[in-house]
Amino acid sequence: MRVLSVKNYEELSKAAARYMGAQLTLKPDSVIGLATGSTPVGMYKELIRMNQSGEIDFSEVISVNLDEYKGLAGDHPQSYRYFMNDNLFKHVNIFADNTYLPDGQIEDDQQACQDYDDVIDCVGPIDMQLLGIGHNGHIGFNEPADAFTTGTQCITLDERTRQANARFFAGDMSQVPAKAYTMGIGSIMKAKKILLVVTGADKAEILDKALNGPVTPSVPASILQLHPDVMVIADEAALGI
Ligand code: F6R
């Protein structure tokens, strides 16, 4: 595991975009695993700039996202499909048909999970998986549990996760879906490379546990210690510097 310490969020966004950009330069038909949340927004802006200036090309890229709220349609402004379209896909030359997220509208959990596992099997292996980390150590929406997950799961979101995400729903917790579909930890660990981006002092404690604590499903991100190729890009606040 390599840890790159950067000064602040702006530097983090640029460094992470450069890292993913290098992947696309080396392998233009990369399969990239993408994440939502606040942390990658600056990185996505930088990737858009790099694409529009001709530095990187998405025309052969396939993307698979980590997660989607159960019950939200892709055109719901809080859905992760909407987020990805808005923050990245519609601004770069990726083909919409090459972008995958779990389908939040499938009612039947088993069906939704099987369908997404089939997608991952079909397009994979993932060349580079981007991750953020939740305050409870979740990656994707794999919340702390008694065991690590394997394939795609339908999970009940932690109260803390729902509270953290209420900011996207005008602060109204009642609007935050109770469940989500998420890529499992087994699938995340099969990615050839992992890029974890972390910003802010509020993540310092959990980042330290994930990087230096015991590997335990009660801190899902701690499993990354066992992956052979993880790059952590974190700002000084998140590293407690
Ligand atoms: C989002 C995801 C989550 C976030 C995590 C951190 O697709 O998989 O695990 O990465 O909740 O979110 P932010 O970046 O908003 O702190």
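Only a predicted model underlies this, so the values are computations on that prediction, with no experimental measurement involved.

## Quick look at the nonpolar core
- In this structure, L34, L47, F58, L88, L130, L195 and I233 are the most contacted members of the largest nonpolar core, which totals 72 residues.
- For this core, the element with the most residues is helix α1 (residues 9-26), which contributes seven residues.
- Excluding anything up to four places from it in sequence, L88 contacts L34, Y44, L47, I48 and F83.

## Observations regarding the pattern of salt bridges
- Per the counting criterion, the structure on display carries eleven salt bridges.
- In this structure, the salt-bridge partner of K70 is D109, at a minimum N-O distance of 2.5 Å. Of the two residues, K70 sits in the loop between β4 (67-69) and α3 (80-87) while D109 sits in helix α4 (residues 109-123), which places them 39 residues apart along the sequence.
- Using a relative accessible area of 17% as the deciding quantity, one classes K70 as buried.

## Here we look at the site of the ligand
- Near the ligand there are 14 residues, and of these T39, D67, H138, G140 and K203 occur at the shortest range.
- Within the side chain of K203, one N or O atom sits 2.7 Å away from an oxygen atom of the ligand.
- In isolation the ligand exposes 410 Å². Once the protein is present, 92% of that is buried.
- Here the residues of the shell around the ligand sort into three nonpolar, eight polar and three charged.

What counts, and where the lines are drawn
Residues numbered from 1 in each chain as written. Predicted model: local features only at pLDDT ≥ 70, side-chain atom pairs only at ≥ 80, totals over all residues. Heavy atoms only, no water. Core = buried A, V, L, I, M, F, W, Y, C linked by side-chain atoms within 4.5 Å. Buried < 20%, exposed > 50% of the residue type's maximum accessible area, 1.4 Å probe, protein only. Helix = DSSP H or I, 4+ residues; strand = E, 2+ residues; numbered from the N terminus. Contact = heavy atoms within 4.5 Å. Salt bridge = Lys/Arg side-chain N within 4 Å of Asp/Glu carboxyl O. Near = heavy atom within 4 Å. Polar contact = N/O pair within 3.5 Å; in protein donor to acceptor, adjacent residues only side chain to side chain. Areas by Shrake-Rupley, 256 points an atom, 1.4 Å probe, with all protein chains shown as cover. Nonpolar A, V, L, I, M, F, W, Y, C, P; charged D, E, K, R; others polar.

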